[in-house]
Amino acid sequence: MTAMVSGASPIQDDAAIKRRPEWLDGIWLLAPTLLIVVGMMLVPLLAIIIVSFWTQTGFELEATWTLQNYALLFQPEGNLYRILIVKSLWVSFVATAAVVLLAYPMAYFMAFRIERGKLIWIILLTVPFWTSYLLRVFAWKVILGFNGVINSGLKALHIIDKPLEFLLYNPASVTITLAHAWAAYAVLPIYVSLEKIDRSYLEAATDLGDSKWKRFWRITFPLSLPGTIAAILLVFIPTVGDYITPTLVGGPSGIMIGNSIATQFIKSNNAPLGAALSCVMMLAITLAVCLFLAIIGKKRLKGADL
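Please read all numbers here as calculations on a predicted model, not as lab measurements.

> Would you take a moment to explain the packing of helix 6 (residues 133-144) against helix 8 (residues 171-181) for this structure?
The description of two helices packed together rests on the angle between their axes and the distance between the axes. Running from amino to carboxyl end, helix 6 crosses helix 8 at an angle of 135°, the nearest separation of the two axes being 10 Å. Comparing the axis directions of helix 6 and helix 8 gives the class oblique. Considering only the axes of helix 6 and helix 8, their crossing is right-handed. Of the residues in helix 8, those in contact with Y133, R136, V137, W140 and L144 of helix 6 are S173, I176, T177, L178, H180 and A181. Considering only residue class, the contact of helix 6 with helix 8 consists of seven nonpolar, three polar and one charged.

> What is the right way to look at the pattern of salt bridges in this model?
Here the idea is simple: oppositely charged side chains can pair when their charged atoms come close. Going through the model one piece at a time under the given rule, you end up with two salt bridges. Ionic pairing is found between E195 and K118, a salt bridge with its closest N-O pair at 2.9 Å. Placement of the pair is E195 in helix 9 (residues 183-195) and K118 in helix 5 (residues 118-126), with a sequence separation of 77 residues. Accessibility expressed as a relative area gives 31% for E195, which makes it partly exposed. K118 gets classed as buried once you look at its relative accessible area, which sits at 19%. Note that R218 is salt-bridged to D210, the shortest N-O span being 3.1 Å.

> Even after reading the chapter, I still don't get the nonpolar core, so can you show me in this structure?
As a rule of thumb, nonpolar side chains are buried together in soluble globular proteins. Within the largest apolar cluster, 36 residues are counted, with the highest numbers of intra-cluster contacts made by I190 and L194. Looking at this core, the elements that each hand over two or more residues are helix 4 (79-112), helix 6, helix 8, helix 9, helix 10 (199-207), helix 11 (212-240) and helix 12 (244-250). Top element by residues in this core is helix 4. It accounts for nine residues. If we ignore the near neighbours within four places in the chain, the residues touching I190 are A103, Y104, A107, G227, T228 and A231. In terms of nonpolar packing, the next biggest core, distinct from the first, is built from 15 residues, L73, F236, L277 and A284 among them.

> Teacher, can you tell me more about a nonpolar patch on the surface here?
On the surface, a nonpolar cluster with roughly 760 Å² of combined accessible area is contributed by V38, L42, V43, L45, L46, I49, I50, W65 and M282. In terms of residue count, helix 2 (residues 22-51) provides more of the nonpolar patch than any other element does, seven residues in total. Within the element layout of this structure, M282 appears in helix 14 (residues 271-305). The class for M282 is partly exposed, based on a relative accessible area of 35%.

> Would you take a moment to explain unusual backbone geometry for this structure?
For residues besides glycine, phi is generally negative; the peptide bonds are generally trans as well. Within the chain, H158 stands out as a residue other than glycine whose phi angle is a positive 60°. Along the chain, the position of H158 falls in the loop between helix 7 (149-156) and helix 8. Backbone geometry at Y169 places phi at a positive 60°, although glycine is not the residue there. Within the fold, Y169 resides in the loop between helix 7 and helix 8. Judged by relative accessible area, Y169 falls into the partly exposed class, the value being 33%.

So, how was this worked out
Residues numbered from 1 in each chain as written. Predicted model: local features only at pLDDT ≥ 70, side-chain atom pairs only at ≥ 80, totals over all residues. Heavy atoms only, no water. Axes fitted to C-alpha atoms, helices over the stretch in contact; angles between N-to-C directions. Helix = DSSP H or I, 4+ residues; strand = E, 2+ residues; numbered from the N terminus. Parallel < 35°, antiparallel > 145°, perpendicular 65-115°, else oblique. Left-handed = near helix turned anticlockwise from the far one by under 90°. Contact = heavy atoms within 4.5 Å. Nonpolar A, V, L, I, M, F, W, Y, C, P; charged D, E, K, R; others polar. Salt bridge = Lys/Arg side-chain N within 4 Å of Asp/Glu carboxyl O. Buried < 20%, exposed > 50% of the residue type's maximum accessible area, 1.4 Å probe, protein only. Core = buried A, V, L, I, M, F, W, Y, C linked by side-chain atoms within 4.5 Å. Patch = residues over 30% accessible without salt bridge, like charges linked within 9 Å, V, L, I, M, F, W, Y side chains within 5 Å. Areas by Shrake-Rupley, 256 points an atom, 1.4 Å probe, with all protein chains shown as cover.

Following this line, the structure appears as structure tokens:
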């Protein structure tokens, strides 16, 4: 008697694979990343949103739904939080502008002026960022402090008699520290965009009589805009909610909304209000980013029409 072999044949297996949607293979490949994103980002975000509608009674967190946490931000008692939100957006905007203005020439130099050893330059650029972020903030506190490098140097040169107090514990010191701390994150995406520019475009512009500046604004900068936009977003979004830098070098006048949110969670024991502030801040950042992208998109369309 001939034994019957159960199971599908290779031809049937191939047919089943062909009938399976291609997007399903992509989902399987993305499954580990999706699990991490859902577990580490989406779930905590949903938890923050839910807690923002709860009530804090003493040391107990009650699942009583209320809009009072959000209503407080639009009442006179919430004036401080509104000021901190606007202040945080402004400080982050100034720091981002400073970072891009410093990072773009560095990226341009690496892309167009260095022909050999670019990897070495990239490594040298990132060496300061191998140290802890906290240590770099402390370093700026030492530099800008009353007895820091700047004040000590000016006193040694007999330029000043007493330390300059405006260097530390104010929004300016926060902006300077943030600009240094996030500089490398802006240089790399701008450098990648500049490196990908086809040099024949620049040669054609030169042959047509464009000056260096005109060639830069007509060709180099527009083609590097994707990397510049990525750098702006990489710096702007995280710096808005930074609370370590304002705590160490900002002082009372340099605090930002991140400090207030941390205070609500850690010291004031008011998690719902802290969660509400976090949600409002995320919404403000989203609106600011969307407005920025809309403005950039309109300018690019206008430039294309011209």
